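Structure at a glance
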Amino acid sequence: MSFAIELASLFRRDIARLVQEVQAFPDEASLWETRPGVSNSAGNLALHLEGNLRDFIGRQLGGVDYTRQRELEFSSKGVGREELAERLEAVQELVFGTVAGLAPGQLEEVYPINVLGVELTTRQFLLHLYGHLSFHLGQVDY
(Lines give C-alpha, C1' and ligand atoms only; values in the text may rest on other atoms or scores of the structure.)
Protein backbone atom coordinates (compact mmCIF):
# COMPACT_ATOMS: atom_id res chain seq x y z
CA MET A 1 0.00 0.00 0.00
CA SER A 2 1.33 3.46 -0.87
CA PHE A 3 2.05 6.17 1.69
CA ALA A 4 -0.68 8.36 0.17
CA ILE A 5 -3.33 5.66 0.60
CA GLU A 6 -2.16 4.86 4.13
CA LEU A 7 -2.33 8.51 5.13
CA ALA A 8 -5.66 9.02 3.37
CA SER A 9 -7.03 6.05 5.33
CA LEU A 10 -5.90 7.61 8.61
CA PHE A 11 -7.61 10.88 7.71
CA ARG A 12 -10.77 8.94 6.82
CA ARG A 13 -10.68 7.02 10.11
CA ASP A 14 -10.20 10.08 12.30
CA ILE A 15 -12.73 12.24 10.48
CA ALA A 16 -15.21 9.38 11.01
CA ARG A 17 -14.35 9.54 14.71
CA LEU A 18 -15.00 13.29 14.66
CA VAL A 19 -18.41 12.66 13.10
CA GLN A 20 -19.16 10.13 15.87
CA GLU A 21 -18.11 12.66 18.52
CA VAL A 22 -20.36 15.35 17.03
CA GLN A 23 -23.32 12.97 16.86
CA ALA A 24 -22.73 11.83 20.47
CA PHE A 25 -23.57 15.22 21.97
CA PRO A 26 -26.90 14.93 23.80
CA ASP A 27 -28.36 18.08 22.23
CA GLU A 28 -27.55 20.99 19.94
CA ALA A 29 -26.77 23.43 22.76
CA SER A 30 -24.10 21.23 24.34
CA LEU A 31 -22.21 21.02 21.04
CA TRP A 32 -21.67 24.80 21.19
CA GLU A 33 -21.04 25.08 24.91
CA THR A 34 -17.63 26.26 26.08
CA ARG A 35 -16.61 24.70 29.38
CA PRO A 36 -14.50 26.54 31.97
CA GLY A 37 -10.84 26.47 31.02
CA VAL A 38 -11.61 25.54 27.40
CA SER A 39 -11.29 28.11 24.63
CA ASN A 40 -13.47 26.60 21.90
CA SER A 41 -16.62 24.54 21.77
CA ALA A 42 -16.61 21.14 20.09
CA GLY A 43 -18.80 22.59 17.35
CA ASN A 44 -16.32 25.35 16.62
CA LEU A 45 -13.42 22.90 16.58
CA ALA A 46 -15.34 20.75 14.09
CA LEU A 47 -15.99 23.81 11.89
CA HIS A 48 -12.31 24.72 12.15
CA LEU A 49 -11.23 21.25 11.05
CA GLU A 50 -13.69 21.31 8.17
CA GLY A 51 -12.37 24.67 6.95
CA ASN A 52 -8.75 23.68 7.45
CA LEU A 53 -9.09 20.44 5.48
CA ARG A 54 -11.24 21.93 2.72
CA ASP A 55 -8.72 24.71 2.22
CA PHE A 56 -5.36 22.99 2.61
CA ILE A 57 -6.26 19.66 1.02
CA GLY A 58 -9.40 20.20 -1.08
CA ARG A 59 -8.50 23.59 -2.54
CA GLN A 60 -4.69 23.55 -2.56
CA LEU A 61 -4.15 19.93 -3.60
CA GLY A 62 -7.47 18.92 -5.14
CA GLY A 63 -8.30 22.09 -7.03
CA VAL A 64 -11.77 22.30 -5.45
CA ASP A 65 -13.14 25.83 -5.28
CA TYR A 66 -13.37 26.99 -1.66
CA THR A 67 -13.13 30.33 0.11
CA ARG A 68 -12.15 29.89 3.72
CA GLN A 69 -13.60 32.19 6.36
CA ARG A 70 -11.43 31.16 9.30
CA GLU A 71 -12.85 33.70 11.74
CA LEU A 72 -16.33 32.19 11.30
CA GLU A 73 -14.98 28.76 12.22
CA PHE A 74 -14.53 30.07 15.76
CA SER A 75 -17.47 32.48 16.00
CA SER A 76 -20.34 30.63 14.28
CA LYS A 77 -22.81 28.89 16.56
CA GLY A 78 -25.85 26.78 16.13
CA VAL A 79 -25.11 24.55 13.16
CA GLY A 80 -27.14 21.42 13.83
CA ARG A 81 -25.45 18.15 14.72
CA GLU A 82 -26.75 16.38 11.63
CA GLU A 83 -25.77 19.19 9.28
CA LEU A 84 -22.31 19.37 10.82
CA ALA A 85 -21.93 15.59 10.59
CA GLU A 86 -22.95 15.67 6.91
CA ARG A 87 -20.44 18.43 6.19
CA LEU A 88 -17.69 16.45 7.91
CA GLU A 89 -18.62 13.30 5.98
CA ALA A 90 -18.35 15.27 2.74
CA VAL A 91 -14.93 16.61 3.70
CA GLN A 92 -13.92 13.08 4.69
CA GLU A 93 -14.51 11.85 1.15
CA LEU A 94 -12.84 14.93 -0.34
CA VAL A 95 -9.74 14.43 1.78
CA PHE A 96 -9.57 10.69 1.17
CA GLY A 97 -9.92 11.01 -2.59
CA THR A 98 -7.46 13.86 -2.87
CA VAL A 99 -4.74 12.41 -0.65
CA ALA A 100 -5.11 8.84 -1.95
CA GLY A 101 -4.81 10.16 -5.49
CA LEU A 102 -1.44 11.86 -4.97
CA ALA A 103 1.45 10.31 -6.84
CA PRO A 104 4.74 9.71 -5.00
CA GLY A 105 6.35 12.54 -6.93
CA GLN A 106 3.63 14.98 -5.86
CA LEU A 107 4.27 14.15 -2.22
CA GLU A 108 7.89 15.22 -2.61
CA GLU A 109 7.05 18.53 -4.28
CA VAL A 110 7.01 21.72 -2.23
CA TYR A 111 3.52 22.34 -0.81
CA PRO A 112 1.86 25.09 -2.92
CA ILE A 113 1.85 27.74 -0.17
CA ASN A 114 4.05 28.47 2.81
CA VAL A 115 1.74 28.20 5.82
CA LEU A 116 4.10 27.63 8.73
CA GLY A 117 6.92 30.02 7.82
CA VAL A 118 9.13 27.28 6.39
CA GLU A 119 9.06 25.53 3.06
CA LEU A 120 7.68 21.99 3.40
CA THR A 121 7.07 19.16 1.00
CA THR A 122 3.48 18.12 0.47
CA ARG A 123 4.23 14.95 2.45
CA GLN A 124 5.51 16.99 5.40
CA PHE A 125 2.55 19.36 5.32
CA LEU A 126 0.04 16.50 5.11
CA LEU A 127 1.66 14.96 8.20
CA HIS A 128 1.29 18.33 9.92
CA LEU A 129 -2.39 18.46 8.92
CA TYR A 130 -2.96 14.95 10.23
CA GLY A 131 -1.39 15.92 13.57
CA HIS A 132 -3.60 19.01 13.66
CA LEU A 133 -6.68 16.86 13.09
CA SER A 134 -5.63 14.43 15.81
CA PHE A 135 -4.94 17.24 18.30
CA HIS A 136 -8.36 18.82 17.84
CA LEU A 137 -10.11 15.43 17.77
CA GLY A 138 -8.67 14.85 21.24
CA GLN A 139 -9.97 18.24 22.38
CA VAL A 140 -13.46 17.44 21.10
CA ASP A 141 -13.37 14.09 22.86
CA TYR A 142 -12.29 15.74 26.11
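Quick notes on the rules
Residues numbered from 1 in each chain as written. Predicted model: local features only at pLDDT ≥ 70, side-chain atom pairs only at ≥ 80, totals over all residues. Heavy atoms only, no water. 1 Å grid on protein atoms, 1.4 Å probe; cavity = no way out; pocket = protein on both sides within 12 Å on 5 of 7 lines; lining within 4 Å. Points joined across faces, edges and corners; volume = space filled by probe spheres on them. Helix = DSSP H or I, 4+ residues; strand = E, 2+ residues; numbered from the N terminus. Phe/Tyr/Trp six-rings, centres within 6.5 Å; stacked < 30°, edge-to-face > 60°. Buried < 20%, exposed > 50% of the residue type's maximum accessible area, 1.4 Å probe, protein only. Core = buried A, V, L, I, M, F, W, Y, C linked by side-chain atoms within 4.5 Å. Contact = heavy atoms within 4.5 Å. Salt bridge = Lys/Arg side-chain N within 4 Å of Asp/Glu carboxyl O.

1. Details of the layout of surface pockets
As a volume, the largest pocket reaches approximately 270 Å³. Looking at the largest pocket, it is lined by 17 residues, and the ones nearest its centre are F25, E33, R35, V140 and Y142. Looking at the lining of the largest pocket, the elements with two or more residues in it are α3 (42-59) and α7 (122-141). Per-element accounting of the lining of the largest pocket gives the leading share, three residues, to α7.

2. Concerning the packing of aromatic side chains
Applying the stated criterion across every chain, the model contains three aromatic pairs. Plain terms: the ring middles of F11 and Y130 are 5.5 Å apart, the flat faces sit at 80° to each other, and that makes the pair edge-to-face. Placement of the pair is F11 in helix α1 (residues 3-24) and Y130 in helix α7, with a sequence separation of 119 residues. Assessed through its relative accessible area of 15%, Y130 is described here as buried. With a centroid separation of 5.4 Å and an interplanar angle of 85°, the aromatic rings of F56 and F125 are classed as edge-to-face.

3. Thoughts on the nonpolar core
What tends to happen in soluble globular proteins is that the nonpolar side chains get buried as a cluster. If you look at the biggest cluster of nonpolar residues, it comprises 39 residues, and the most contacted ones within it are F11, I57, L84, L88, V95 and L126. Going through the elements one at a time, α1, α3, α5 (81-100) and α7 are the ones with two or more residues in this core. Excluding its chain neighbours within four sequence positions, the residues that come into contact with V95 are F11, I15, L53, I57 and A100.

4. Remarks on the pattern of salt bridges
The final tally for this structure, using the stated rule, is 11 salt bridges. Notably, a salt bridge pairs R54 with E50, separated by 3.1 Å at the nearest N-O pair. You can see R54 and its partner E50 sitting in helix α3, four residues apart, about one turn around the helix. A salt bridge links R87 to E50; the shortest N-O distance between them is 2.8 Å. Of this pair, R87 sits in helix α5 while E50 sits in helix α3, placing them 37 residues apart in sequence.

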